[in-house]
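Residue-level listing of the chains:
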Amino acid sequence: MSKRNVTVRMKADYEYEAINPQGNVVHIDMYDAPEKQAQSPMELLLSALGSCASVDAVLMMKKKRRTIESFTVDVEGIRNDGVPSFYTAIHLSFTLVSPDANEVEFGKVVALSVDKYCSVASSLKSKITYSFLVKKP
């Protein structure tokens, strides 16, 4: 079993920073635009899910010896109106730009990445869906 931890410190009423044991800092704020300078905790959750699912998908495509010219995932969360306003649904939209990949294999990779390998997805109660697209350069 692996244990991870971060320390979150208040900088101001709506500003925080999270620091891991290695000293890496993530700035967090709960301001609205135009004062917003960092992601909110709920935006960070979407970022964590998107990046977690992405790393395995990219590594699996590289293992298949596919060329990756560009890779993105857009993550959209729908939040509950009440308190707490948790995500009731999250959709990940993966886009791969590759001259030698196809949608069937990329779809299988995305499904494995989100449904089996992503620790963040496994940690959420939210319904998580995904889509994928391969674009040729």
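Note that this is a predicted model, so its numbers are computed, not measured.

Trainee: Describe helix α1 (residues 41-63), naming the residues involved and giving the relevant values.
Mentor: The terminal C-alpha atoms of α1 lie 33 Å apart, and with 23 residues this matches the ideal 33 Å at 1.5 Å per residue to within 8%. Turning to α1, its buried residues are Leu46, Leu49, Gly50, Cys52, Ala53, Ser54, Ala57, Met60 and Met61. Next to the buried residues of α1 lie β4 (70-79), β5 (87-97), α2 (103-117), α3 (119-123) and β6 (127-135). Phi turns positive, to about 60°, at Arg65, one or two residues after α1.

Trainee: Would you mind going over the nonpolar core in detail, with residue names and values included?
Mentor: In terms of nonpolar packing, the biggest core is built from 23 residues, with Leu49, Leu92, Phe94, Leu96 and Phe106 touching the most fellow members. At the level of elements, α1, β4, β5, α2 and β6 are the ones that each hand at least two residues to this core. Apart from residues no more than four positions distant in its own chain, Phe106 is found in contact with Met61, Phe71, Phe94, Leu96, Phe132, Leu133 and Val134.

Trainee: Could you give an account of unusual backbone geometry, naming the residues involved and the relevant values?
Mentor: A cis amide bond, omega 5°, links Ala33 with the succeeding residue Pro34. As for its position among the elements, Pro34 is in the loop between β3 (25-29) and α1. Residue Pro84 follows Val83 across a cis peptide bond; omega there is 0°. Secondary-structure assignment places Pro84 in the loop between β4 and β5. Phi at Arg65 is positive, roughly 60°, even though this residue is not glycine. Tracing the sequence through the fold places Arg65 in the loop between α1 and β4. You can call Arg65 exposed: its relative accessible area is 72%.

Trainee: Give a description of the packing of aromatic side chains that names residues and reports values.
Mentor: Each aromatic ring pair is specified by the distance between its two centres and by the angle formed by the two planes. Applying the stated criterion across every chain yields a total of 4 aromatic pairs. With centroids separated by 6.1 Å and ring planes inclined at 90°, the aromatic side chains of Phe71 and Phe106 adopt a geometry described as edge-to-face. Here Phe71, found in strand β4, pairs with Phe106, found in helix α2; they are 35 residues apart in sequence, far enough to count as distant. Among the aromatic residues, those joined into a cluster by ring pairs are Phe71, Phe94, Phe106 and Phe132. Over the ring of Tyr87 we find Arg79; its NZ or CZ atom is 5.8 Å from the centre of that ring.

About the thresholds
- Each chain has its residues counted from 1, following the order in which its sequence is written.
- The model is predicted, so local features are restricted to residues of pLDDT at least 70 and side-chain atom pairs to those at 80 or more, both for listing and for counting; the totals for chains, interfaces and linings are taken over all residues.
- Heavy atoms throughout the structure, all of them, feed into the side-chain values; hydrogens and water do not.
- By definition, any uninterrupted DSSP run of H or I lasting at least four residues is a helix, any uninterrupted run of E lasting at least two residues is a strand, and each is numbered from the N terminus.
- Between the first and last residue of a helix there are one fewer steps than residues, each counted as 1.5 Å, and that sum is the expected span.
- Relative accessibility under 20% of the residue-type maximum defines a buried residue, over 50% an exposed one, and the middle range a partly exposed one, all with a 1.4 Å probe and only protein chains included.
- In what follows, a contact means two residues having at least one pair of non-hydrogen atoms within 4.5 Å.
- As used in this record, nonpolar core signifies buried Ala, Val, Leu, Ile, Met, Phe, Trp, Tyr and Cys residues forming a set joined through side-chain atoms within 4.5 Å.
- Any two rings among Phe, Tyr and Trp, with Trp reduced to its six-membered ring, count as a pair given centres within 6.5 Å; such a pair is stacked if its planes are under 30 degrees apart, edge-to-face if over 60, and tilted if neither.
- When the NZ atom of lysine or the CZ atom of arginine is within 6 Å of a ring's centre and also within 35 degrees of its normal, the charge is said to sit over that ring.

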